[in-house]
Amino acid sequence: MEKLRYERPVVKKLNTGMMNKFGTRTEYNPVTHIDGVSVKGLIEKYGSPLFVISERTIRQTYQDCKRAFTNRYPRVQMAWSYKTNYINAVCNVFHQEGSWAEVVSGFEYNKALQNGVPGNKIIFNGPDKTDNDLKLAIDHNSLIHIDHLDELYRLMEITKEVNKRPRVAIRVNMDTGVYPMWDRFGFNYETGQAWDAINKIILNDQMDLVGLHCHIGTFMLTANAYAIAASKLADLAYHIHAKFNKKISYIDLGGGFASKNTLRGSYLQGNVSSPSFDDYAEAICSALLNAEYSKQELPLLILETGRALIDDAGSLCGTVLANKRLSDGRRATIMDFGVNILFTSFWYEHKLSPAQEFSHYTEDGVVYGPLCMNIDVIRENITLPPMKKGDNVVVHSVGAYNMTQWMQFIAMRPNVVMIDMDSKVHLIRNKETLEYINNIEEMPAYLKEFNLS
Ligand SMILES: *Cc1c(COP(=O)(O)O)cnc(C)c1O
């Protein structure tokens, strides 16, 4: 029989914390496998920490989302938001499912092209498009979403130069009842900026205004904001038709659906408080169906959903480095991953599960990362069974933004694997090496040598 684990007794102040309506949290069960693959086996083979992506979860989540919309509206197109997770294998799962690409920089644009996305299925958003980016996008007949007047005027000059007629949309920002308002991107609806830009584009007649776009925020906890946004874009389309007898072929409502993660400090857990795909779809599709379109005129509905499609598919497997007692008696557990690779710990109370069996005793504590930085906190407050050095954990729902916003700070970025539909494991991004990092540094000749003896 295995020897029972001994915990050195301590005297400590009781830290009960506030209960929410679920009582104290007892959500913790060991998670020993992901999609049938052993967590310990994965760590043995690919190292710790390790990002693990479930192809099955991506496809299921995508199909659930798509279905919620196609059940309610006849013409729906998804476009994968590259910045949410642009590891090529991840992008290609979405492209296999039928997603176009949505990019916000020349770097992402080229990534999408190299993944094989046809240029006319790439949506180019964002305030930072260089002249070369714009020329490339015009050449490939992509959908260019204009962000501001300076970009509009520059694009007009370039179209004259290259003598081509690009397909464009404008990004519109608006009051949807959610504050602070995201009014730094695009043209404002209420002040008439958007209408002004529309008139400039159509009357100058150098570009084809084919769509209207908005991206009203991220982690939107109210579906109704999308109904307001859809109505306002539909209203613009109606006025374009009335004044110019011109049909807008698509309405793009951007991304921003909340995932099931729990926001820091929130009273309810994310799987209870976040609207479902059906909630969002109901709000958006009703608003479009109720607008002034005849059946033949219904625009294509484009969605650039990022976070909500990939968060659940990503897990981070890691290892306990050490335990200590803080001066107030609380247990602190130090992991081998920190905010350097888990940026979303700043926003989320990530759910974390031990990857091995444990006793029923649990304790309130803090989970830290390994960085020599005070901000390196994974969970400020968590109830966990005690774990010892070398034990493994799985952090859930980390698929969105971590594998793009991760920093090469103090430690290098780890391996990323994907578990396919048959539970086969594929390495999809190699961990960084010192050689890889040194490769892009240059040493001036006079600094090559020194003598410390
Ligand atoms: C970031 C972004 C998205 C994706 O947003 P999520 O909140 O991850 O769904 C979509 N469209 C644009 C323009 C974006 O900038």
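Bear in mind that the values here come from a model prediction, so they are computed numbers and not experimental data.

Engineer: Now, about the packing of aromatic side chains: what can you tell me, with residues and values included?
Structural biologist: Following the criterion strictly, the structure yields 12 aromatic pairs and no others. Taking the centre distance of 3.8 Å and the plane angle of 10 degrees together, the rings of W80 and F94 count as stacked. Of the two residues, W80 sits in strand 4 (residues 76-81) while F94 sits in helix 3 (residues 88-96), which places them 14 residues apart along the sequence. Residue class for W80 comes out buried when judged on its relative accessible area of 0%. In textbook terms, an aromatic cluster arises when at least three aromatic residues are bridged by ring pairs, as seen for F69, Y226, F257 and Y280. Sitting above the plane of the F124 ring, K129 keeps its charged end 5.8 Å from the centroid.

Engineer: An account of the nonpolar core is needed here, citing residue identities and associated values.
Structural biologist: Residues F69, I170 and L253 are the most contacted members of the largest nonpolar core, which totals 107 residues. Broken down by element, the residue count for this core peaks at 11 residues, all from helix 8 (residues 224-244). Structurally, this core is a two-domain feature, drawing no fewer than three residues from each of domain 1 (23-52 + 313-432) and domain 2 (56-311). In contact with F69, other than residues within four places in its own chain, are V76, F257, F277, Y280, A281, I284, C285, L301 and L303. The next biggest cluster of nonpolar side chains, apart from the first, holds 14 residues, and it includes I34, Y46, L50 and V52.

Engineer: Please set out the state of the cysteines residue by residue, giving values where relevant.
Structural biologist: Using the criterion set out here, one finds zero disulfides in the structure. With no disulfide of its own, C285 lies closest to C65 among cysteine sulfurs, the gap being 10 Å. Given the relative accessible area of 1%, C285 is considered buried.

Engineer: Please provide a residue-by-residue account of the site of the ligand, values included.
Structural biologist: Around the ligand, the structure places 16 residues, and the nearest of them are K83, T218, G256, E304 and Y401. Within the backbone of G306, a nitrogen or oxygen atom sits 2.9 Å from an oxygen atom of the ligand. Here the ligand, which alone exposes 390 Å², has 95% of that area covered by the protein.

Engineer: Lay out the pattern of salt bridges in plain terms, naming residues and giving numbers.
Structural biologist: A full pass over the atoms with the stated rule returns 19 salt bridges. The residue R59 makes a salt bridge to E55 at a minimum N-O spacing of 2.9 Å. Here the residue R59 and the residue E55 both occupy positions in helix 2 (residues 55-70), the gap between them amounting to four residues, near one helical turn. Here R59 falls in the buried class, since its relative accessible area comes to 13%. Since its relative accessible area comes to 10%, E55 is described here as buried. One salt-bridge network, held together by shared partners, links E55, R59 and E97.

Here is what the cut-offs are and how they apply
Residues numbered from 1 in each chain as written. Predicted model: local features only at pLDDT ≥ 70, side-chain atom pairs only at ≥ 80, totals over all residues. Heavy atoms only, no water. Phe/Tyr/Trp six-rings, centres within 6.5 Å; stacked < 30°, edge-to-face > 60°. Helix = DSSP H or I, 4+ residues; strand = E, 2+ residues; numbered from the N terminus. Buried < 20%, exposed > 50% of the residue type's maximum accessible area, 1.4 Å probe, protein only. Lys NZ or Arg CZ within 6 Å of the ring centre and 35° of its normal. Core = buried A, V, L, I, M, F, W, Y, C linked by side-chain atoms within 4.5 Å. Domains from an automatic or database assignment. Contact = heavy atoms within 4.5 Å. Disulfide = S-S within 2.5 Å. Near = heavy atom within 4 Å. Polar contact = N/O pair within 3.5 Å; in protein donor to acceptor, adjacent residues only side chain to side chain. Areas by Shrake-Rupley, 256 points an atom, 1.4 Å probe, with all protein chains shown as cover. Salt bridge = Lys/Arg side-chain N within 4 Å of Asp/Glu carboxyl O.

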